[in-house]
Each structure stands twice: as C-alpha cells, then as structure tokens.
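# Reading the structure
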Amino acid sequence: MATKLPKISIPTYRDKLISNGQDFKYRSFLVGEESKLLLLKEGLDDDITNTNALQTIKELIDDCTFNELDVDNLPQCDIEWIFLQLRKKSVGEVIDLIVNHGSDSDCDHKQRVSINLDNVEIERDQKVNDTIVLDPQQNIGIKLRYPTYSDLENIETKDKASTALSLIKLCTEYIFQGKELFYLTDFSTTEVDEFFAGCSSAEQLKQIVSFFESAPKIVYHLKWECDKCKKEDEVKLEGLQTFL
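Rules of the game
- Residues numbered from 1 in each chain as written.
- Predicted model: local features only at pLDDT ≥ 70, side-chain atom pairs only at ≥ 80, totals over all residues.
- Heavy atoms only, no water.
- Helix = DSSP H or I, 4+ residues; strand = E, 2+ residues; numbered from the N terminus.
- Buried < 20%, exposed > 50% of the residue type's maximum accessible area, 1.4 Å probe, protein only.
- Areas by Shrake-Rupley, 256 points an atom, 1.4 Å probe, with all protein chains shown as cover.
- Lys, Arg positive; Asp, Glu negative; His and termini not counted.
- Charge placed at Lys NZ, Arg CZ, Asp CG, Glu CD.
- Pairing = 2+ DSSP bridges.
- Axes fitted to C-alpha atoms, helices over the stretch in contact; angles between N-to-C directions.
- Contact = heavy atoms within 4.5 Å.
- Phe/Tyr/Trp six-rings, centres within 6.5 Å; stacked < 30°, edge-to-face > 60°.
- Lys NZ or Arg CZ within 6 Å of the ring centre and 35° of its normal.
- Expected span 1.5 Å × (residues − 1).
- Salt bridge = Lys/Arg side-chain N within 4 Å of Asp/Glu carboxyl O.
- Core = buried A, V, L, I, M, F, W, Y, C linked by side-chain atoms within 4.5 Å.

## Observations concerning the overall build of the protein
When helices and strands are tallied, the protein shows 7 helices and 11 strands. With the C-alpha coordinates of the protein rotated into their principal frame, the extents come out at 75 × 65 × 30 Å. Per-residue burial over the protein gives 40% buried out of 244 residues. As displayed, the protein has an accessible area near 14800 Å², and 48% of this comes from carbon and sulfur atoms. Seen as two clouds, the 29 positive and the 45 negative side-chain charges of the protein have centres 6 Å apart.

## Points about the sheet that holds strand 6 (residues 131–135)
For sheets, the rule is that strands pair by backbone hydrogen bonds, running either parallel or antiparallel. One open sheet accounts for 4 strands, arranged 6-7-8-9; its pairing is antiparallel. Only two strands of the sheet have a single partner each, and these edge strands are strand 6 and strand 9 (180–182). Here the strands of the sheet are splayed against their neighbours by 30° on average, with no regard to which way each runs. As judged from the 3 bridges shared by strand 8 (residues 172–177) and strand 9, these two strands associate in the antiparallel manner. Pairing of F176 across the sheet is with L181, part of strand 9. Taken strand by strand, helix 6 (residues 189–197) contacts strand 6, strand 7 (140–144) and strand 8, and its axis lies near 110° from that of strand 7.

## Concerning the packing of aromatic side chains
This structure, assessed with the given rule, holds 8 aromatic pairs. Ring plane angle 55° and centroid distance 6.0 Å describe the contact between F29 and F83, whose orientation is recorded as tilted. Taken together, the residues F29 in the loop between strand 2 (23–27) and helix 1 (31–43) and F83 in helix 3 (residues 76–90) connect sequence positions 54 residues apart. Like F83, F29 is buried. One aromatic cluster in this structure is built from Y13, F24 and Y26. Seen from the ring of F66, K25 lies directly overhead, with NZ or CZ sitting 4.9 Å from the centre.

## Some thoughts on helix 3
In a regular helix each residue adds 1.5 Å, so 15 residues correspond to 21 Å; helix 3 covers 21 Å between its end C-alpha atoms and thus fits that length. Counting buried residues in helix 3 gives 13 out of 15 residues, a clear majority hidden from the surface. Two residues or fewer after helix 3 comes G92, characterised by a positive phi angle close to 130°.

## So, the pattern of salt bridges
Within this structure, the stated rule accounts for 13 salt bridges. Note that K236 and E238 form a salt bridge whose closest N and O atoms lie 3.8 Å from each other. Assessed through its relative accessible area of 31%, E238 is described here as partly exposed. It is possible to trace a salt-bridge network through shared partners that takes in E123, K217, K236 and E238.

## Digging into the environment of D96
The residue D96 is located in strand 3 (residues 94–100) in this model. Classification of D96 as partly exposed rests on a relative accessible area of 49%. Sequence separation of D96 and N116 is 20 residues, and the distance between their C-alpha atoms is 9.2 Å. Setting aside anything within four residues of it in sequence, one finds D96 in contact with R112, V113 and S114.

## Details of the environment of T56
Assignment of secondary structure puts T56 in helix 2 (residues 51–64). Taking the C-alpha atoms as reference, T56 lies 7.3 Å from K36; in sequence the two are 20 residues apart. Those residues in contact with T56 that lie beyond four places of it in its chain are K36 and L40.

## Some points on the pairing of strand 8
Here 5 bridges tie strand 7 to strand 8, and the two strands are oriented antiparallel to one another. Looking across to strand 8, one finds that G141 is bridged to F176.

## Points about the nonpolar core
Grouped together as the largest cluster of nonpolar side chains are 23 residues, with contacts concentrated most on I61, I82 and F83. Residue assignment for this core shows that the elements contributing at least two residues are strand 2, helix 1, helix 2, helix 3 and helix 4 (149–154). Among the elements that take part in this core, helix 2 stands out by supplying 6 residues, more than any other. In contact with I61, other than residues within four places in its own chain, are V71, I79, I82, F83 and L86. In terms of nonpolar packing, the next biggest core, distinct from the first, is built from 19 residues, I95, V113, V120 and L237 among them.

Following this line, the structure appears as structure tokens:
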C-alpha cells in the first residue's frame, strides 16, 4: 500500500520585468493564496499604501516567484506587472468591472463591462527628467528615482503634504551642487528636513510631481456604450486595484 500521496504538478511560466527587462519565473496562485487575493481586493487603497494590503502583495509575489526576486526594491510598475501575470494565470484574462460617466454627464447609469487583461498596455513617458534643479544660481538639485515597494511601506501618510514630502525624501538618490554629491544617509533627519523645506516654488514642485507621474504603469483604454443613454464614453483604467 502506498504511504505517500501523489503531488500535483504546478506549471511555471516566464516573463520580464518592465523596469529593466529582467527575466523571472512564476506560478499561479494556490487555493489558499486565492483566498488572500479576495481579502486583498477589500483592503487595497487607491494609492496602494494600505499596510496590510502591501504585506499581502509582498507575500504572494514572493511565494509565486519562488523568492527569486527582491520585491522590496522593485518599482511599483514591476509589482503591478507581476501581479497582473499572476492574476491572468490564476483567475483568467477577463475581468468584469462597473464603470460610469464622468461628472459632466447627466446620466448616472452604472455600466457593467468586461475587459481582457491581454490588452493592457505599458504606458511610459520618456521626456520627463529625473534631475531637478532647485537653485539654478548655485546649481543645487536632486536626482530622483521611482518609488519601490519598500518606499510605499515606509511612506508617511498623515496628510497630503507629509505624504508628498516623505515620498520625495525616500526617492531622492542624492543631492548635488555642481559636481559634488550629497547622499541623504550621510546626514541627520533634521538636516535633510531643513534642506527639503526650502523646496517651495511652484515650478520645482511641478517638476517633481511630473517625474513621479511619468513612472511606467499598466493601463487599459476602455471604450464603452451606456445601456441607458446609448452614448459612447471612454476611460483610462490604471492602478493595481483596478485589475484584481
């Protein structure tokens, strides 16, 4: 009589990260992991800074990629892309959504639509500069990078102002003055805070915001027709919570 139960083979797949083209291997969700996915859909905030949701995302990606990726240091676009692949292989390529017209429409109908995740696109903006000059006269500025998973975990979310400032500090690779570089880890929190307190001009903030908004992201351009008013509308869907 057999003493061990047979093991079910689990297929593996391969894909590439958006940020650097690195190859990675993954598998679909197991039964227990699919239940985590359902809980994740309930707890995920629009800006994916919910602590419990972030931890669940990390655990699922770690498990399904065989702990071969440094998830903490992956940019948000890679997190979204990996999760999209996991969702497609585990649950299916088609998802149902509820959409509605914008605020400029008199029709309040909520329309059920289906989208195919194979048609999701990667949106990039190559024109935005990651180097922001804060003081042209003294050639003082900062070199920025896109937020990583770890940044989203550590960001302060007391209010919009503190969230923005926290994100800028976390994503500053270094401060420069001419050819001299200053790395934030070499200075106290007070010194760093005092430096960024001087970034007050609208143009400086606009450049910083434009950089973060230019981060690669997964999007779906949806065109749909309303069953009630029969008008056609379109919307750009983006963000991890949209595609779960």
